[in-house]
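# Architecture and fold: a report
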Amino acid sequence: MNKEKACRECRYLIDEGDKCPNCSGTTFTTFWRGYVVILDSENSEIAKKMGITSNGKFALRLSR
């Protein structure tokens, strides 16, 4: 069972807590599909296309 939740503001994935360490958002969903790990956000084409400006694990698609 996947216990990670995705921030609805930036799609950053976290295991626990009530505040996103990436954007300080406070709304999350456990209904997400797929993820991407960004290691070098400044030079990543995927990060640019997704609008991601920091490194970390991000959900590809949110639902609900």
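A quick note: this is a predicted structure, and the numbers were derived from the prediction, not measured.

Turning our attention to the confidence of the model for the protein chain. Any residue range with low pLDDT should be treated as having predicted coordinates unsuitable for detailed reading. Put simply, the protein chain has an average pLDDT of 94, and 97% of its residues get 70 or more. Within the protein chain, the lowest mean pLDDT, 95, falls on helix H1 (residues 45-50), and the highest, 98, falls on strand S2 (residues 13-14).

Here we come to the environment of Glu 42. Inspection of the secondary structure puts Glu 42 in the loop between strand S4 (32-38) and H1. Given a relative accessible area of 67%, Glu 42 falls into the exposed group. A sequence separation of ten residues divides Glu 42 from Ile 52, and the C-alpha atoms of the two residues are 9.1 Å apart.

The rules we used
- Residues numbered from 1 in each chain as written.
- Predicted model: local features only at pLDDT ≥ 70, side-chain atom pairs only at ≥ 80, totals over all residues.
- Heavy atoms only, no water.
- pLDDT = per-residue confidence, 0-100.
- Helix = DSSP H or I, 4+ residues; strand = E, 2+ residues; numbered from the N terminus.
- Buried < 20%, exposed > 50% of the residue type's maximum accessible area, 1.4 Å probe, protein only.

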